[in-house]
Amino acid sequence: MDLKAPRGTKDIYGKEVYMWQKLENVLREICENFCIEEIRTPIFEHTEVFQRSVGETTDIVQKEMYTFADKKARSLTLKPENTAGVARAYLENKLYADVQPKKMYYIAPCFRYERPQAGRMRQFHQFGIEVFGSFEASADAEVISLAYELLKRLNIGNVELHINSLGGPECRKKYNDVLKQYIGKTLDGLCPDCKERFTKNPLRVLDCKNDSCQALLAGAPAVLDCLDAECTAHFEMLKTILNEMDIPYVVDPKIVRGLDYYTRTVFEFVTTEIGAQGTVCGGGRYDGLLTEFGGNKTGAVGFGMGLERIMLLLEKQNTAEQRYKKIDVYVGSVGDNGLKKSQAVVYQLRKNGLNAEGDILSRSVKAQLKYADKIGANFSTIIGDNEIENDCIKLKNMFTGTEYQIKLTALMDTKEISQWEN
Ligand code: ATP
Ligand code: MG
């Protein structure tokens, strides 16, 4: 076949999709514990939604977006991240008129035109949360504590929390000047991208993935030194609450995050266990975003977590269950009457809430039992003329080999297959 999935995308099936479902269950459960509700926004938005929020000078908007014109020549973009869409939805649906804070989570695909490699895809998935309506550092701490607790529940160790503060717009302006002065002196040694970033948005230079650029930036001034009293107090408060929560962190003045909308707190969870793509989660505060969309100034904080990177870490644990499908019982058949009856029995067991499987390939009894073994059915039985006539079947525990004689009519009433072992 010459048709292949587009570069940077992949099919998820079999044991892997089971692992994804397990992960998603943990995500949904933790959000319930934190009293956060789900939001589902469209997969594409008007391109402007991302231009205005993510920022014109970011890599995402400049190089990575899947943008296309629809049949009426409107410019649409597959979402490269979720915050912009959720913020748009918050305003459009007047969620600010509900009780505040409004806390929402999403599990959704994202699309970025990037060079595919381990942990970097063109279609990938993010789990994230957004908390609207609070300017307080306690909201930042809540968001961070969710990500921290989640990694714990997933048994993912060796991940460090890095935090920083970018301050408000005034502090940013001040820092921009200081940084520009510093970078100006090393400009010749920087990569072409950074030279451009230098003129358009110097802060972005700190985010460069190029080792030689990073080396030149080692002595760059720290944004924390440019914060005003209020922003400093906000950052101190966050650290105090994290200490109180027993959540370890490292203050890392190099974190600026890839998107333009952040103010004050920014943070990342990073690991060295999955190679270069080590940032599993990135987030921060974005108090200015809703005004970009024409809303009132609204405190907002959240994060996005790359689920493919989480999966890479989970795969390392190698605790994937051997039998990922739980099949209670296989009901096979012999002969014409058996075939018809067994189909009805399987259907009845399914109606009873059991995971029941039968034969839809008209295989031999031997092949049916081999199949039952392969799919890991806990119990099996074969129905034929004798079984129907005498209302008696043999139910076999596939793992111990023990057989139980029971009535066929009783089997059809079964709601819990293990009842026959007592
Ligand atoms: P990176 O620095 O790795 O490019 P980023 O700063 O572009 O990440 P964000 O926009 O903050 O990433 O997205 C949040 C998270 O989504 C990242 O921390 C990462 O885990 C994940 N992520 C981002 N881009 C990709 C991608 N192309 N493939 C898989 N996961 C991704
Ligand atoms: Mg990126």
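Every chain is numbered independently, its residues counted from 1 as its sequence is written. Chain letters and ligand numbers both follow the written order, the letters beginning at A and the numbers at 1. Local features in this predicted model are restricted to residues whose pLDDT is 70 or higher, and side-chain atom pairs enter the listing and the counts only when it is 80 or higher, whereas totals over whole chains, interfaces and linings include all residues. Calculation of side-chain values draws on the structure's entire complement of heavy atoms; hydrogens and water are dropped beforehand.

## Description of the side chain of N82
Counted only if it meets this: In this description a helix means any DSSP run of H or I spanning at least four residues, a strand means any run of E spanning at least two, and both kinds are numbered starting from the N terminus. Per-residue accessibility, obtained with a 1.4 Å probe over protein chains only, is compared with the maximum for each type, and a residue is labelled buried under 20%, exposed over 50%, and partly exposed between these values. Contacts are assigned to residue pairs that have any heavy atoms within 4.5 Å of one another.
On the secondary structure map, N82 appears in the loop between strand 4 (75–78) and helix 4 (83–92). The buried category is assigned to N82, whose relative accessible area is 1%. Leave out the neighbours within four places in its chain, and N82 touches Y106, A108, C110 and Q126.

## Describing the site of ligand 1
To keep it simple, the criterion reads: Note on definitions. A residue lies near a molecule or strand when any single heavy atom of the residue is within 4 Å of it. Nitrogen and oxygen atoms within 3.5 Å of one another constitute a polar contact, given that in protein one can donate a hydrogen and the other can accept it, and given that sequence-neighbouring residues count only through two side-chain atoms. Using a 1.4 Å probe, accessible areas were evaluated by the Shrake-Rupley method; residue-level cover was limited to the displayed protein chains. We call Asp, Glu, Lys and Arg charged. Ala, Val, Leu, Ile, Met, Phe, Trp, Tyr, Cys and Pro are nonpolar, and the rest, Gly among them, are polar.
Around ligand 1, a shell composed of 17 residues is seen, among which R112, E114, R120, K209 and R257 lie nearest. At a separation of 3.2 Å, an oxygen atom of ligand 1 approaches a polar backbone atom of G306. Summarising the interface, the protein chains cover 93% of the accessible area of ligand 1, which totals 580 Å² for the free molecule. Elements with a minimum of two residues in the shell around ligand 1: strand 6 (123–132), strand 10 (279–285) and strand 11 (300–306). With 4 residues, strand 10 is the single largest residue contributor to the shell around ligand 1. Here the residues of the shell around ligand 1 are counted per class, giving 5 nonpolar, 6 polar and 6 charged.

## Some thoughts on the packing of aromatic side chains
This is how it is decided: Planes of paired rings set the category: under 30 degrees apart is stacked, over 60 is edge-to-face and the rest tilted, where pairs are Phe, Tyr or Trp rings (Trp by its six-membered ring) whose centres lie within 6.5 Å.
Per the counting criterion, the structure on display carries 12 aromatic pairs. Judged by centre distance (5.4 Å) and plane angle (55 degrees), the ring pair of Y261 and Y286 falls under tilted. Linking Y261 in the loop between strand 8 (250–251) and strand 9 (263–271) with Y286 in the loop between strand 10 and helix 10 (289–292), this pair joins segments that are 25 residues apart in sequence. For the pair Y261 and Y286, a shared accessibility class is recorded, and that class is buried. With a centroid separation of 6.3 Å and 85 degrees between ring planes, the pair formed by F267 and F269 is classed as edge-to-face. Grouping residues by exposure puts F267 and F269 together as buried. Three or more aromatic residues link up through ring pairs in this structure, and these residues are Y90, Y96, F132, Y261, Y262 and Y286.

## Things to note about a nonpolar patch on the surface
Test applied: Residues enter patches when they are more than 30% accessible in relative terms and free of salt bridges; like-charged ones are connected within 9 Å and nonpolar ones (Val, Leu, Ile, Met, Phe, Trp, Tyr) within 5 Å. Here, a salt bridge means any Lys or Arg side-chain nitrogen found within 4 Å of an Asp or Glu carboxyl oxygen.
A surface patch of nonpolar side chains, about 260 Å² in accessible area, is lined by I43, F44 and F68. Along the polypeptide, F44 turns up in strand 2 (residues 44–46).

## Considerations on the sheet that holds strand 1 (residues 37–38)
Note the cut-off: DSSP bridges decide pairing: two strands pair if at least two such bridges lie between them.
One open sheet holds the 8 strands; their spatial order is 1-5-6-11-10-9-7-8, and the pairing between them is mixed. The open sheet has two edge strands, strand 1 and strand 8, and neither has a second partner. The pairing of strand 6 with strand 11 spans 7 bridges and is classified as antiparallel. Looking at the pairing, G128 lines up with G304 of strand 11.

## Side note on a positive patch on the surface
Where we set the bar: Counting rule applied: Lys, Arg positive; Asp, Glu negative; His and chain ends not counted. In this description, the location of a charge corresponds to atom NZ of lysine, CZ of arginine, CG of aspartate or CD of glutamate.
A cluster of basic residues, R363, K366, K370 and K374, forms a positive patch on the protein surface. A residue is classified by how much of its surface remains accessible, and K374, at 72% relative accessible area, is exposed.

## Some remarks on the packing of helix 5 (residues 137–153) against helix 9 (residues 229–244)
We count it as follows: What counts as an axis is a line fitted to C-alpha atoms, over the stretch in contact for a helix, and the angles between N-to-C directions run from 0 to 180 degrees. An angle counts as roughly parallel when it lies under 35 degrees, as roughly antiparallel when it exceeds 145, as roughly perpendicular when it falls between 65 and 115, and as oblique in every other case. The handedness criterion is simple: a crossing whose near helix is rotated anticlockwise from the far helix by less than a right angle is left-handed, and one whose near helix is rotated clockwise is right-handed.
Running from amino to carboxyl end, helix 5 crosses helix 9 at an angle of 45 degrees, the nearest separation of the two axes being 8 Å. With respect to each other, helix 5 and helix 9 are oriented oblique. Helix 5 and helix 9 meet at a crossing whose hand is right-handed. From helix 5, A137, S138, D140, A141 and I144 reach across to helix 9, where they touch H234, M237, L238, I241 and L242.

## Some remarks on the sheet that holds strand 4
Read from one edge of the open sheet, 3 strands run 2-4-3, paired in antiparallel fashion. The open sheet has two edge strands with one neighbour each: strand 2 and strand 3 (67–69). Adjacent strand axes in the sheet meet at a mean angle of 35 degrees when their direction is disregarded. Sheet topology note: the strand 2/strand 4 ladder contains 3 bridges and is antiparallel. Its bridge partner lying in strand 4, F44 is registered against L78.

## A closer look at the nonpolar core
Rules: Only buried residues count toward a nonpolar core, which is a set of Ala, Val, Leu, Ile, Met, Phe, Trp, Tyr and Cys residues joined through side-chain atoms within 4.5 Å.
By size, the foremost hydrophobic cluster in this structure holds 46 residues, and its most contacted members are F127, F269, F303 and I310. Looking at this core element by element, the count peaks at 10 residues for helix 5. Those residues within four positions of F303 in sequence are excluded, and the remaining contacts are Y106, F127, G128, I129, V143, L146, A147, F267, C281, G282 and G283.

## Comments concerning the side chain of K103
By secondary structure assignment, the location of K103 is in strand 5 (residues 102–111). A relative accessible area of 17% places K103 in the buried class. Side-chain polar atoms of K103 contact the side chain of E142, separated by 2.6 Å. Apart from the residues lying within four places of it in its own chain, the contact partners of K103 are F34, C35, I36, E37, E130, V131 and E142.

## A short note on the packing of helix 1 (residues 14–33) against helix 5
As a packed pair, helix 1 and helix 5 sit with axes 11 Å apart at the nearest point and diverge in direction by 135 degrees. Judged by the inter-axis angle, helix 1 sits oblique to helix 5. Relative to helix 5, the crossing made by helix 1 is right-handed. On helix 5, the residues touching V26, L27, E29, I30, C31 and N33 of helix 1 are L146, E149, L150 and R153. Its residues assigned to classes, the contact of helix 1 with helix 5 shows 6 nonpolar, 1 polar and 3 charged.

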